[in-house]
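Working through the structure, step by step
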Amino acid sequence: MGRLLIVSNRLPVTVKAGRGGAVEIQLSTGGLATGMKGPHERLGGLWIGWPGDLEGLSAAARDEADARLAEHRLVPVPLSADEIARYYEGYSNAILWPLFHYSAARLPPEVSGFDVYERVNARFAGAVADQWREGDLVWIHDYQLMLVPAMLRERLPGARIGFFLHIPFPSSEIFRLLPQRERLLEGLLGADLLGFHTSTFVRHFASSALRLVGATTEVDRVRWRGREVRLGVFPMGIDAAHFDALARSPEVEERARAHRAEGTPILLGIDRLDYTKGIQRRLLAYEALLRAHPELRKKVRLVQVAVPSRENVEAYRELRDEVDALVGRIHGEYATPGWSPIHYLYRGLAPPDLVALYRAADAVLVTPLRDGMNLVAKEFVAARPDGDGVLVLSEFAGAAAELAEALLVNPYDVEHTAEVFHRALTLPEDERRTRMALLRERVLGHDVHGWARAFVAALEQVEAAGGRVETA
Ligand code: G6P
């Protein structure tokens, strides 16, 4: 039996220099790292990826970090400061990220950094090739590594290579703005299987492949340069049983009770601080709710947790200032000496604290402007074994394709979103329970382990090396 080699930009843990240069290892944030952690533990094999910025660690400390990573079958691919700036913060997060989330206006006037992106992708392909043994399956993840499938195919022509995109694949009208559009498609087409969260993303990819590199496309495959590449829809799940169990623990129940002790209903937002998450419009909608429904003042609170993310990318620093200012303005307008309309937390939370908030919330507001899937929506549902609570969900999250029983909103329509928040707060109990029961069936029945198994099974089924086909 071959092993599974998982390849992603970020490892599930991040290494840092702690006090006095000591090694500190923390859990990484973001859907990919948190989501794939369970399957990696269960499926065995290796996970190859970036361990984080090792600046400040001595050579001895780096060796210690490597040894600790090895215990967990993690293989580090270190990046230099220049690579972090130009491959990670630059091309990946200041160009691909905004464009794939339909924010073309955020592209810098000059798209640069592709040379470093290419160099780092080649390094990842080399690291995988060093580990690969006959029979191993390779599963590459996400937009930071789109050239790796073809680079690896060149080195290991007979390997089975899968790739999963965790973010949206945009309409070909957006994708074709990228100067390196053909190169990226050619990179992806080195895989045997390409997975996406929704059928819409598959369609967008296929039309880009048809229009930009002339691939022959069918519903579930494309043919290009004598190879066949399968396309699949694999909506990612979460470790639902884990969230469910944590939510039932006495410790979490106790904390949830403490949150509710004040008696005012809680609206909850939990996001990485990212402009795709729609935090500002959510705050504006909350402000509109307080304006339109004065009876709710002093009777409701919004807990917004923003987890720091990509702090060296300018757009993220600006966003932080904008959110700070907006929270301040709403406070200035509505707070009273005894009541705060918003509790704003700019930090990550430990899992029991997070789950206690999910359990205490009357409604969770997941209103991204664009999102590949959004696992917060699913975590909230899994964390409600009591069967109560309302999910407000953006139409533009991949999760909306699956979680139809949520209250769906167009986050660009701020006034309407405010009315949906009001509806969430006033929904009769039986309707809340009916909706939540259906959501839980879906989230608990399709968890991350089933998702990973389905992808791996599909990859095992493809004939290695893209099943050579007769060229048309
Ligand atoms: C999203 C991306 C992941 C990424 C995560 C956190 O979920 O799809 O690839 O790891 O955000 O972002 P970061 O830049 O900190 O890895």
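Residues numbered from 1 in each chain as written. Predicted model: local features only at pLDDT ≥ 70, side-chain atom pairs only at ≥ 80, totals over all residues.

1. Some thoughts on the overall build of the protein chain
In terms of helices and strands, the protein chain carries 17 helices and 17 strands. The C-alpha atoms of the protein chain give a radius of gyration of 23 Å, which matches the 23 Å a tight globule of 472 residues would have. Structurally, the protein chain occupies a C-alpha span of about 70 × 55 × 45 Å along its principal axes. The buried share among the 472 residues of the protein chain stands at 49%. Contacts in the protein chain between residues far apart in sequence, at least 24 positions, make up 78% of those at least 6 positions apart. (Helix = DSSP H or I, 4+ residues; strand = E, 2+ residues; numbered from the N terminus. Rg over C-alpha atoms; globule rule 2.2 N^0.38 Å. Buried ≥ 20, exposed ≤ 12 C-beta atoms within 10 Å, placed from the backbone. Contact = placed C-beta atoms within 7 Å.)

2. A closer look at the nonpolar core
Judged by nonpolar contacts, the single largest core of 148 residues is most densely connected at Leu5, Val7, Val138, Trp139, Leu391 and Val392. Not counting the four nearest positions on each side in its chain, Val138 is found in contact with Leu5, Val7, Val128, Trp132, Leu152, Ala159, Arg160, Ile161 and Gly162. Residues Val23, Leu54, Leu57 and Ala65 belong to the second largest nonpolar core, which totals 5 residues. (Core = buried A, V, L, I, M, F, W, Y, C linked by C-beta atoms within 7 Å.)

3. Comments concerning the site of the ligand
All residues in the neighbourhood of the ligand are listed as Arg10, Gly30, Gly31, Leu32, Ala33, Asp142, His166, Ile167, Ser309 and Arg310. For the shell around the ligand, the class distribution of residues is 3 nonpolar, 4 polar and 3 charged. (Near = placed C-beta within 6 Å. Nonpolar A, V, L, I, M, F, W, Y, C, P; charged D, E, K, R; others polar.)

4. What about the pairing of strand S14 (residues 342-345)?
In S14, alternate side chains face the same way, and those of Ile342 and Tyr344 are buried while those of His343 and Leu345 on the opposite face are not. Crossover connection from strand S13 (residues 301-307) via helix H12 (residues 314-334) to parallel S14: handedness right-handed. (Right-handed = clockwise from strand over helix to strand, strands pointing away.)

5. A look at the sheet that holds strand S17 (residues 407-409)
An order of S14-S13-S12-S15-S16-S17 is seen for the 6 strands of this open sheet, with the pairing classed as parallel. Of all strands in the sheet, those bounded by a partner on one side alone are S14 and S17. Shown here is a sheet whose adjacent strand axes are inclined to one another by a mean of 20°, direction ignored. Both strand S12 (residues 266-272) and strand S15 (residues 363-366) contribute to a ladder of 2 bridges, which runs parallel. For Leu268, the partnering residue across the bridge sits in S15 and is Val364. Sheet contacts for helix H11 (residues 279-292): S12, S13 and S15; angle to S12, the most-contacted strand, approximately 165°. Set on the sheet, helix H14 (residues 375-382) makes contact with S12, S15 and strand S16 (390-394); between it and S16 the angle comes to about 170°. (Pairing = 2+ DSSP bridges. Axes fitted to C-alpha atoms, helices over the stretch in contact; angles between N-to-C directions.)

6. Points about the sheet that holds strand S11 (residues 227-233)
With mixed pairing, the 9 strands of this open sheet are ordered in space as S5-S4-S1-S6-S7-S8-S11-S10-S9. Of all strands in the sheet, those bounded by a partner on one side alone are strand S5 (74-76) and strand S9 (216-218). Between one strand axis and the next, the sheet turns through 20° on average, direction left out of account. The sheet contacts of helix H1 (residues 31-43) involve strand S1 (4-10), strand S4 (46-50) and strand S6 (137-141), and relative to S1 the element is tilted by about 160°.

7. A word on the environment of Leu375
Mapped onto the elements of the fold, Leu375 is located in helix H14. Residues in contact with Leu375, not counting those within four places in the same chain, are Gly31, Gly35 and Ile238.

8. Thoughts on the confidence of the model for the protein chain
Across the protein chain, pLDDT averages 96, with 98% of residues at or above 70. Note on residues 467-472: pLDDT under 50 across the span, and 10 contacts to partners over four residues away in sequence or across chains. Here the complex is predicted with pTM 0.96, and the ipTM for its interfaces comes to 0.99. (pLDDT = per-residue confidence, 0-100.)

9. Considering the environment of Arg221
Tracing the sequence through the fold places Arg221 in strand S10 (residues 221-224). Spatially, the C-alpha atoms of Arg221 and Leu375 are 27 Å apart, while their sequence positions differ by 154 residues. In this structure Arg221 touches Glu228, Val229, Arg230 and Leu231, once residues within four positions along its chain are discounted.

10. Focus: unusual backbone geometry
The backbone of Arg73 shows a phi angle near 60°, a positive value even though the residue is not glycine. Assignment of secondary structure puts Arg73 in the loop between helix H2 (59-71) and S5. Phi is positive for Lys298, close to 65°, though the residue is something other than glycine. Assignment of secondary structure puts Lys298 in the loop between H11 and S13.

11. Topic: the packing of H1 against helix H17 (residues 448-461)
If you want to describe how two helices pack, look at the angle between their axes and the distance between the axes. Running from amino to carboxyl end, H1 crosses H17 at an angle of 65°, the nearest separation of the two axes being 9 Å. It follows from the interaxial angle that H1 and H17 lie roughly perpendicular. In terms of crossing hand, the pair formed by H1 and H17 is right-handed. Counting all contacts with H1, which are made through Gly35, Gly38, Pro39, Arg42 and Leu43, the residues of H17 involved are Val448, His449 and Ala452. Looking at the contact of H1 with H17 residue by residue, the classes come out as 4 nonpolar, 3 polar and 1 charged. (Parallel < 35°, antiparallel > 145°, perpendicular 65-115°, else oblique. Left-handed = near helix turned anticlockwise from the far one by under 90°.)

12. Considerations on the pairing of S6
Judged by how many residues are buried, S6 sits mostly within the fold: 5 of 5 residues are covered. By the alternation rule, side chains of S6 split into Leu137, Trp139 and His141 and Val138 and Ile140, which are all buried. Traced from S6 through helix H5 (residues 148-155) to strand S7 (residues 160-164), the parallel crossover comes out right-handed.

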